[in-house]
Amino acid sequence: MKIIFMSLLMSCTPVATMPDGTDCDKVTIGGTIRGKYEYQTDSIAAGRFEVRTARVNVTGCIGEFVDYKAEIDLCDEGKIKMLDAWARLRPWRQLSFTIGQMRVPFTIDAHRSPHRQYFANRSFIAKQVGNVRDVGAMICYNFNAGFPIIIEGGLYNGSGLTEQKDFWTNSVNFSGKAQMLLPCGLNVVLGAQKVRPDDVDIMMYDAGMTFHHRNLVVEAEYLYKHYEHGAFHPVHALNAFANYDIAIKNCFFKKMSPLVRYDFMTDHSDGKRYLVCDDNVEGPASMDLTVNDYSRSRLTGGVTLSVSEPFDSDIRINYEKYFYRRGAIIKPSEHDKLVVELMVHF
């Protein structure tokens, strides 16, 4: 722990300046802390405190054309993880090239940093179905066709975050995303991604839109996941929510935001083969794709209280009601529950 923080402090070297006094190099340290209390209200009737996020990052630029980011999470479900470590070249204003470890360009909700989430817990799309971080290279191009359009595409190892050293592959994983920022306050996103967690290719297609008008935000996103050669049945996932901001004057809280979300997913496999024993089938056990997350839907309602600027210091109060299919195995942390979270971003 000391080594990590000493490294971050040492990275804060004095800012160099050009002869005209403008900054040549800039280094910024930031981070996000999320502490929460959860109480399961069904038959479990138990509670817990949890530090869900303790991220620290270093970002900066070198001259006009190079920037970088390194980010770690000191408590990602109780583990220390390196999340981002990339360098970026920007030869033109419209074009950039990024190489390193990053969140791949795909989906809306999975691409949000924890401090920009609207709810205390992520949607099924962001957590289970479309959550991918990998090592690779990405190109981003933006232009104006009467409205801004951003196109991102990249090639990736498929090794995930921790198995880069001895990982070699003859398979190409790719991801692409297009955003159209329409003048009516509507952001339309389309994406496609191919991954290969084991020996089965998986294609994912995503479409969503976010409508922002004054104090109202409404978003809907759909993801379809297809497994090669019918190795597992296709997965469907949906996330839809509405959020309304209410300004508060002369109060400790600057803003109150009531919000509601509905999301669902069908039976989902992570794409890896596991040893399966079937008592009804003769012969040796087989290696197959299995259900890692059972089909379910969830209704979430609550309120966010902003102490300072939105997404800088928020108190999130949510209640989650789950609906499982018959025969589903419920994971210990995915029961009906009340969640109270304090998020601070710096």
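Residue indices begin from 1 for each chain and proceed along its sequence in written order. Selection of residues for local features in this predicted model requires a pLDDT of at least 70, selection of side-chain atom pairs for listing and counting requires 80 or more, and totals for whole chains, interfaces and linings are taken over all residues. For side-chain calculations, the full set of non-hydrogen atoms in the structure is used, while hydrogens and water are omitted.

### Here we look at the side chain of Thr-107
The cut-off we apply is this: By definition, any uninterrupted DSSP run of H or I lasting at least four residues is a helix, any uninterrupted run of E lasting at least two residues is a strand, and each is numbered from the N terminus. N or O atoms within 3.5 Å of each other form a polar contact, as long as, within protein, one can give a hydrogen and the other can take it, and as long as residues adjacent in sequence are counted only when both atoms are side-chain atoms. Contact definition: two residues touch when any of their heavy atoms are within 4.5 Å.
Tracing the sequence through the fold places Thr-107 in the loop between strand E5 (95-103) and helix H2 (124-129). Looking at Thr-107, its side chain comes within polar contact range of the main-chain nitrogen of Ala-110, at 3.2 Å. The residues contacting Thr-107, other than those within four sequence positions of it, are Ile-125, Gly-130, Lys-177, Asp-206, Glu-221 and Leu-223.

### Structural notes on the nonpolar core
Applicable threshold: Put simply, a nonpolar core is a bunch of buried Ala, Val, Leu, Ile, Met, Phe, Trp, Tyr and Cys residues held in one set by side-chain atoms that sit within 4.5 Å of each other. Only protein chains enter the area calculation, which uses a 1.4 Å probe; residues under 20% of their type maximum are buried, those over 50% are exposed, and those in between are partly exposed.
In terms of nonpolar packing, the biggest core is built from 22 residues, with Val-129, Met-204, Leu-223 and Tyr-227 touching the most fellow members. Residue assignment for this core shows that the elements contributing at least two residues are H2, strand E10 (202-213), strand E11 (216-227) and strand E12 (235-244). Ignoring any residue separated from it by four or fewer positions in sequence, one finds Met-204 in contact with Phe-106, Val-129, Gly-130, Val-132, Gly-191, Ala-192, Gln-193, Val-195, Leu-223, Tyr-224 and Lys-225. Phe-119, Val-217, Phe-241 and Phe-311 belong to the second-largest nonpolar core, a separate cluster that totals six residues.

### Quick notes on unusual backbone geometry
Here Arg-214, not a glycine, exhibits a phi torsion of approximately 55°, which is positive. Take Arg-214: it is sitting in the loop between E10 and E11. Positive phi outside glycine occurs at His-229, with the angle close to 55°. Structurally, the position occupied by His-229 is in the loop between E11 and E12. With relative accessibility at 74%, the residue His-229 sits in the exposed group.

### A look at a nonpolar patch on the surface
To be explicit about the condition: Patch membership requires over 30% relative accessible area and the absence of a salt bridge. Like charges are linked within 9 Å, and nonpolar side chains (Val, Leu, Ile, Met, Phe, Trp, Tyr) within 5 Å. With residues, only the protein chains shown are counted as cover, and all accessible areas are computed by Shrake-Rupley using a 1.4 Å probe. Take a side-chain nitrogen of Lys or Arg and a carboxyl oxygen of Asp or Glu: if they are within 4 Å of each other, that pair is a salt bridge.
Taken together, Tyr-37, Tyr-39, Phe-49, Ile-317, Tyr-319, Leu-338 and Val-340 make up a surface patch of nonpolar side chains, about 620 Å² in accessible area. If you list the elements that add at least two residues to the nonpolar patch, you get strand E1 (25-40), strand E18 (313-324) and strand E19 (337-345).

### Describing the confidence of the model for the protein
Keep this limit in mind: Within a predicted model, pLDDT stands for the predictor's per-residue confidence, ranging from 0 to 100.
Per-chain confidence: the protein averages 88 in pLDDT, with 89% of residues scoring 70 or above. This model gives residues 1-22 a pLDDT under 50, and the stretch forms 21 contacts once residues within four places in sequence are excluded.

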